[in-house]
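Each chain is listed here by its residues.
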Amino acid sequence: MSQTSTRTPIVTLTGVQKYYGDYHALRGITANIGQGEFFSLLGPSGCGKTTLLRAIAGFEDISEGQILLDGKDMEGVAPNRRPTNMVFQSYAIFPHMSVAENVGFGLRKSSMSVAEKRTAVGQALEMVGLGKFGARAAHALSGGQRQRVALARALILKPKVLLLDEPLSALDKKMREVMQVELIKLQREVGITFILVTHDQEEALVMSDRIAVMFEGEIAQLDDPETLYRRPKSRRVAEFIGMMNFLPARVLGEAGGRVGVEVQGLGPAELEPAQCPSGAVAGAAEIGVRPESLTLLYDGQTAEGGREASGTVREVVYYGDMTYYDILLDGTPAPVRVSMRNMPGRRVLEFGARARLAWDPRAMVLFG
Amino acid sequence: MRVNALAVFTVLYLLVLYAPIVLLPMFAFNAGTVIAFPLQGFTLEWFAALLNTPALHEATLNSLIIAISTAVFSTILGLFAARAATRYGFPGKGGIVGFIMLPLVLPEVIVAISLLIVLMQLGLTSGTWSIIAGHTLICTPFAIAILQGSFSNMDKSLEEAAIDLGETPWSTFRLITLPLVSPGIIASLLICFTISLDEFIIAFFLSGNEPTLPVYLWGQLRFPARLPVVMALGTILVLLSVALLIVAETFRRRGLKRVGLKDTGGFL
């Protein structure tokens, strides 16, 4: 697991606490963010992710703890003196200035000559694909263009860390997907550390090297996207990231480093310790399994090792490329969600039809 | 065609509202000294008389000094108060803002008498500066109300973005805040100027022997022979007000257009 990054840390958070009166917004945040890393703070609204980002930028004082930027303590350092720049959720494009004036705003106090500044602005605009837009009035831009201007403006100062506060939430779905890819490319190109705040788990999975999932002012799990998805440490994280089925199970015991469980509706399974993030205590527990780890079996197909279960189709949701089924396994109280890629030879089952499922113990996670 | 009752009401309403003002220029150019129909003939005599009345010139100068000072002070105070009220949370904010806005509904007579008593207790003579203080007191709430609108229309992250890009709070105020609230500032200056210019009660109580224009006019009403001159003065004031309003509105609309905002009200 990649809880600790192998990169040189550029942002070090140690026991960061933030109180707003009685409200405890950040409860002991500790994390290292590496040089050149694309790091995401993911969580539902009110989890403290934006507060943490603003604390790094210097717009919020912290009540306790320490924030190091590039090895320097940021206590008492004003936002205009920190090596960070920010892309705001509203983009905060200055409406009374042209695009070029916006992008060059940060260079106002630099010692560059006018010609050097013009070149730098040109390059920054080129970088975000707005080369010809310099003279345009800022208020005459589309959402996606504003986003790019905000990026160019924040990157022109070559900050050590770029902070992005829900930068894609104001865009429509198509534009959002385009910008996700562009942001990844841009980050790779400039090599600057990006810290992204988002409530969109898909966005975080797509873009990040590592993700900190936050609930109620605490980091619930900090991992790379794949670990986070495959091995969530708690049911709450599992529910927040993607979709997961939870089946009642019994832990039977441990033998030879493997944990034996009996999963209701599926059958007996043996798990690796890594699949039991909160340990395995004999007795009642829950097994989490992702919809794509359950596979429908068609006529004549059999499951490996006889790991097969049967049930009735209770819901069919057809998405074109995928079909989602709710299948009530025999002997279980609630249906499980199964997703199947629609491929030649796979017919879409109908409501009420009998169905057979293959399952794989390697895709399971045990929650105590 | 059916007569629309609402249209009739509207026409009548406008007639009642503006007929007295239309009478103003009519009698200003009327050759007779009595304010009554029929009109006696055309004359510029009353306007010429305005030029030859030094007391009037002094009163006008006083009024202009007071109105301009009041507009500037109220707008500056309003700017700070409006920014504080829209950007910061602090203990007792509601009460403080409430008290600042109170003069809006306080009877002016009360304000004027209180101010007079305070000045006398302090042993200060009343005059131009005391009227400016009184007018600033009653104009500041208007300035705050206008500027609060400007500030709440402005995205808070704009100021943060400027600071984030290396500016100090002061240069941010100068480069970002001020240009973006400038339509509000112009509107506030204009409103405060207008309120101060025709304010009578406070000026009457505090003017001492330096009357403002309204106080001077009121004094002239005791002499029927001076009435046509007052009419001439009134005509000039009406024209000036309209011109001022047009100028201010042009500035306001230009400001809105520059930042691409939609027009949400205004004066014209």
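Please read these numbers as outputs of a predicted model, since none were measured by experiment.

1. With respect to the overall build of chain B
Of the regular secondary structure elements, chain B holds 11 helices and zero strands. By principal-axis analysis of the C-alpha atoms, chain B measures approximately 70 × 70 × 35 Å. Put simply, 70% of the contacts in chain B that link residues at least 6 apart link residues at least 24 apart. As displayed, chain B offers around 15,000 Å² of accessible surface, 74% of which is attributable to carbon and sulfur atoms.

2. As for the pairing of strand β7 (residues 161–165) of chain A
Residue and element names in this part refer to chain A. Among the five residues in β7, five count as buried, and that is most of the element. Of the two faces of β7, both are covered, the one formed by V161, L163 and D165 as well as the one formed by L162 and L164. In this sheet, β7 lies alongside strand β6 (residues 84–87) in parallel orientation, the contact comprising four bridges. Across the sheet, the residue bridging to M86 is L163, located in β7. Inspection of the sheet shows β7 paired to strand β8 (residues 193–198) by five bridges, in the parallel sense. Looking across to β8, one finds that L164 is bridged to L196. A crossover connection joins β7 to the parallel β8 through helix α5 (residues 173–190); in handedness this β-α-β unit is right-handed.

3. Digging into helix α4 (residues 143–155) of chain A
Residues and elements named next belong to chain A. Spanning 13 residues, α4 covers 18 Å between terminal C-alpha atoms, matching the ideal 18 Å at 1.5 Å per step. Counting buried positions along α4 yields 11 of 13 residues, so the element is predominantly enclosed. Of the residues making up α4, those classed as buried are G144, Q145, Q147, R148, V149, A150, L151, A152, R153, A154 and L155.

4. Describing the packing of aromatic side chains
Under the definition given, this model contains 13 aromatic pairs over all chains. Seen from their ring centres, F246 of chain A and F367 of chain A are 5.8 Å apart, and the 55° between their planes marks the pair as tilted. On the criterion of sequence distance, the pair formed by F246 of chain A in strand β11 (residues 245–255) and F367 of chain A in strand β20 (residues 364–367) is long-range, its members being 121 residues apart. Given the relative accessible area of 19%, F246 of chain A is considered buried. Using a relative accessible area of 4% as the deciding quantity, one classes F367 of chain A as buried. Every member of this aromatic cluster is reached through a ring pair, and the members are F200, F204, F205 and W218 of chain B. In this structure, R235 of chain A is placed above the aromatic ring of F246 of chain A, and the distance from its NZ or CZ to the ring centre is 3.9 Å. Taking NZ or CZ as reference, R290 of chain A lies 4.0 Å from the ring centre of Y229 of chain A, over its face.

5. Considering the interface of chain B and chain A
Between chain B and chain A, the residue contacts involve 22 residues of the former and 23 residues of the latter. Interface of chain B and chain A: buried area, both sides summed, is about 2,000 Å²; carbon and sulfur atoms make up 60% of it. The three residues of chain B that bury the most area against chain A are E160, D164 and L165 of chain B, which together make up 33% of that side's buried surface. At the junction of chain B with chain A, the criterion picks out three salt bridges. The salt bridge partner of K109 of chain A is E167 of chain B, with a shortest N-O separation of 3.5 Å. With seven residues, the single largest contributor to the side of chain B that touches chain A is helix α7 (residues 156–164) of chain B.

6. Quick word on the packing of helix α3 (residues 54–87) of chain B against helix α6 (residues 128–152) of chain B
Geometrically, a packed helix pair is captured by the angle between its two axes and the distance between the axes. All names here are of chain B. Orientation of α3 relative to α6, taken along the N-to-C sense of each, is 40°, at an axis distance of 5 Å. With respect to each other, α3 and α6 are oriented oblique. Our pair here, α3 against α6, has a crossing hand that is right-handed. Grouping the constituent residues of the contact of α3 with α6 by class yields 16 nonpolar, 13 polar and two charged.

7. Some words on the confidence of the model for chain B
Low pLDDT marks stretches whose predicted atomic positions should not be read closely. Residues of chain B with pLDDT of at least 70 account for 94%, and the chain-wide mean is 85. Reported for the predicted complex are a pTM of 0.81 and an ipTM of 0.84.

8. Describing the environment of C276 of chain A
Residue and element names in this part refer to chain A. You can see C276 is positioned in the loop between β13 (267–271) and β14 (283–289). With a relative accessible area of 7%, C276 lands in the buried category. Sequence-wise, C276 and G368 are 92 residues apart; in three dimensions their C-alpha atoms are separated by 8.2 Å. Once residues within four sequence positions are removed from consideration, C276 is found in contact with V259, L271 and L366.

9. Overview of the pattern of salt bridges
Residue and element names in this part refer to chain A. All told, the structure shown has 24 salt bridges over all chains when counted by the stated rule. Of the charged contacts, one joins R210 and E37 as a salt bridge, the two residues approaching to 2.4 Å between their closest N and O atoms. You can see R210 sitting in strand β9 (residues 210–215) and its partner E37 sitting in the loop between β2 (23–34) and β3 (38–42), a full 173 residues away along the chain. What makes E37 buried here is its relative accessible area of 2%. Of the charged contacts, one joins E286 and R235 as a salt bridge, the two residues approaching to 2.5 Å between their closest N and O atoms.

10. Considerations on the sheet that holds strand β1 (residues 9–20) of chain A
Residues and elements named next belong to chain A. One open sheet accounts for four strands, arranged β2-β1-β4-β5; its pairing is antiparallel. Only two strands of the sheet have a single neighbouring strand rather than two, namely β2 and β5 (72–73). Where helix α1 (residues 49–57) meets the sheet, its contacts fall on β1, β2 and β4 (64–69), and the angle it forms with β1 comes to roughly 120°.

11. What about unusual backbone geometry?
Excluding glycine, residues mostly have negative phi values, and the peptide bonds linking residues are mostly trans. All names here are of chain A. Although it is not a glycine, Y91 sits at a positive phi angle of roughly 75°. You can call Y91 buried: its relative accessible area is 4%. If you check the backbone angles, E216 has positive phi at about 45° while not being a glycine. Considering the arrangement of structural elements, one finds E216 in the loop between β9 and β10 (218–223). Of the residues examined, E216 reaches a relative accessible area of 46% and is grouped as partly exposed.

12. Side note on the sheet that holds β3 of chain A
Residues and elements named next belong to chain A. Spatial ordering of the open sheet is given by β6-β7-β8-β3-β9-β10, a layout of six strands whose pairing is mixed. What marks the edges here is a single partner per strand, and that holds for β6 and β10. The average angle at which neighbouring strand axes cross in this sheet is 20°, direction not considered. By the bridge criterion, five bridges tie β9 to β10 in an arrangement that is antiparallel. Across the sheet, the residue bridging to V213 is Q221, located in β10. Sheet contacts for α4: β6, β7 and β8; angle to β6, the most-contacted strand, approximately 175°. On the sheet, α5 packs against β3, β7 and β8 and is oriented at approximately 155° with respect to β8.

Reading the values: the criteria
Residues numbered from 1 in each chain as written. Chains lettered and ligands numbered in written order. Predicted model: local features only at pLDDT ≥ 70, side-chain atom pairs only at ≥ 80, totals over all residues. Heavy atoms only, no water. Helix = DSSP H or I, 4+ residues; strand = E, 2+ residues; numbered from the N terminus. Contact = heavy atoms within 4.5 Å. Areas by Shrake-Rupley, 256 points an atom, 1.4 Å probe, with all protein chains shown as cover. Buried < 20%, exposed > 50% of the residue type's maximum accessible area, 1.4 Å probe, protein only. Pairing = 2+ DSSP bridges. Right-handed = clockwise from strand over helix to strand, strands pointing away. Expected span 1.5 Å × (residues − 1). Phe/Tyr/Trp six-rings, centres within 6.5 Å; stacked < 30°, edge-to-face > 60°. Lys NZ or Arg CZ within 6 Å of the ring centre and 35° of its normal. Buried area = accessible area lost by both parts, 1.4 Å probe. Salt bridge = Lys/Arg side-chain N within 4 Å of Asp/Glu carboxyl O. Axes fitted to C-alpha atoms, helices over the stretch in contact; angles between N-to-C directions. Parallel < 35°, antiparallel > 145°, perpendicular 65-115°, else oblique. Left-handed = near helix turned anticlockwise from the far one by under 90°. Nonpolar A, V, L, I, M, F, W, Y, C, P; charged D, E, K, R; others polar. pLDDT = per-residue confidence, 0-100.

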